[in-house]
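Descriptive analysis of the structure
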Amino acid sequence: MKFVVKSVLLASAIALAACNAKTEAPVQDSPEARTELVNKYFKLVPLTQMVNDISVEMANNLPPEQRQDFIQLMTQEIRADVLETAAKESMSKHMTAQELSAFVAFMEKPEGKSAMGKMKFYMADIMPVAQQEVMRAIAKRQGQGQGQGQDQGQGQ
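These lines cover the structure that appears in this document, whether it is placed above or below. Keep in mind it's a predicted model, so treat the numbers as computed, not measured.

**Considering the nonpolar core**
- Core analysis: the biggest nonpolar cluster contains 31 residues, and Y41, F42, L47, M91, M107 and M116 have the highest contact counts within it.
- When residues of this core are traced back to their parent elements, those giving at least two are α2 (31–44), α3 (47–59), α4 (64–77), α5 (80–94), α6 (97–108) and α7 (110–154).
- Ignoring sequence-local partners within four residues, the contact set of M107 consists of Y41, L44, V45, G112, K113 and M116.

Shown next as structure tokens:
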């Protein structure tokens, strides 16, 4: 479940990094402006739909007999309202109104909508590799720790 939450947040961050749209006039940065822009963004990019899409794409990496159970687990057990509240708070906290305005402008363009629609495929492709790398790094570190303990024990 944490994996899907991180995937959704990563997808949002990547989409933001791809955003280079310019707005017509500077937006006054205030908590109210940020909140308004974040709410507008989430109307353009519903988090529930993103979680559902990513869950389906991630399920494609599982054996066929496990896919439906995985999708059901992710779509029924992830509390999208909790995730959306946290995402909105984080975006409002870390992004200026100008940045949020550019992000919204990007998502209002056909290219922005198209790019965001493809993020689920990107996430499905990259997350298993990222997960494997994390597991490899952990296993390597644990192996080094065990080796160090053995070396220390042999010297006594």
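**What to know about the packing of aromatic side chains**
- With the rule as written, the count across this model stands at two aromatic pairs.
- With centroids separated by 5.1 Å and ring planes inclined at 85°, the aromatic side chains of Y41 and F42 adopt a geometry described as edge-to-face.
- Classification of F42 as buried rests on a relative accessible area of 8%.
- Measuring from centroid to centroid gives 4.6 Å for Y41 and F103, while their planes differ by 20°, and the two rings are stacked. Of the two residues, Y41 sits in helix α2 while F103 sits in helix α6, which places them 62 residues apart along the sequence.

**Considerations on a nonpolar patch on the surface**
- On the surface, Y122, I126 and V129 cluster together into a nonpolar patch covering about 230 Å² of accessible area.
- Mapping V129 onto the fold places it in helix α7.

**Focus on the packing of α2 against α5**
- Contact geometry for α2 and α5: axes closest at 9 Å, N-to-C directions at 135°. When the interaxial angle is binned, α2 and α5 end up oblique. Seen along the crossing, α2 lies across α5 with a hand that is right-handed. Of the residues in α5, those touching α2 at R34, T35, V38, N39, Y41 and F42 are E84, A87, K88, M91, S92 and K93.
- When grouped by side-chain class, the residues that make up the contact of α2 with α5 number five nonpolar, three polar and four charged.

Criteria and thresholds
Along every chain, residues carry numbers that run from 1 in the direction the sequence is written. Note on the predicted model: pLDDT of at least 70 is required for a residue's local features to be given, and 80 or more for side-chain atom pairs to be given and counted; whole-chain, interface and lining totals, by contrast, use all residues. Heavy atoms from the whole structure form the basis of all side-chain values; hydrogens and water molecules are not counted. What we call a nonpolar core is a set of buried Ala, Val, Leu, Ile, Met, Phe, Trp, Tyr and Cys residues that are connected through their side-chain atoms within 4.5 Å. Think of it in three bands: with a 1.4 Å probe and only protein chains considered, a residue is buried below 20% of the maximum accessible area for its type, exposed above 50%, and partly exposed in between. Runs of H or I in DSSP of at least four residues are treated as helices and runs of E of at least two as strands, each being numbered from the N terminus. Whether two residues are in contact is decided by their heavy atoms, any of which lying within 4.5 Å being enough. Pairing of aromatic rings covers Phe, Tyr and the six-membered ring of Trp, with a centre-to-centre limit of 6.5 Å; geometry is then stacked below 30 degrees between planes, edge-to-face above 60, and tilted otherwise. Patch definition: residues above 30% relative accessible area lacking any salt bridge, with like charges linked at up to 9 Å and the nonpolar side chains Val, Leu, Ile, Met, Phe, Trp and Tyr linked at up to 5 Å. With residues, only the protein chains shown are counted as cover, and all accessible areas are computed by Shrake-Rupley using a 1.4 Å probe. In the sections that follow, a salt bridge refers to a side-chain nitrogen of Lys or Arg positioned within 4 Å of a carboxyl oxygen of Asp or Glu. Axis geometry follows a simple rule: fit a line to the C-alpha atoms, using only the stretch in contact for helices, then measure angles between N-to-C directions, giving values from 0 to 180 degrees. Orientation categories follow fixed angle ranges, with anything under 35 degrees roughly parallel, anything over 145 roughly antiparallel, 65 to 115 roughly perpendicular, and all other angles oblique. In this scheme the handedness of a crossing depends on how the near helix is turned from the far one: anticlockwise by less than a right angle means left-handed, clockwise means right-handed. Ten residue types, Ala, Val, Leu, Ile, Met, Phe, Trp, Tyr, Cys and Pro, are classed as nonpolar, four, Asp, Glu, Lys and Arg, as charged, and the remainder, Gly among them, as polar.

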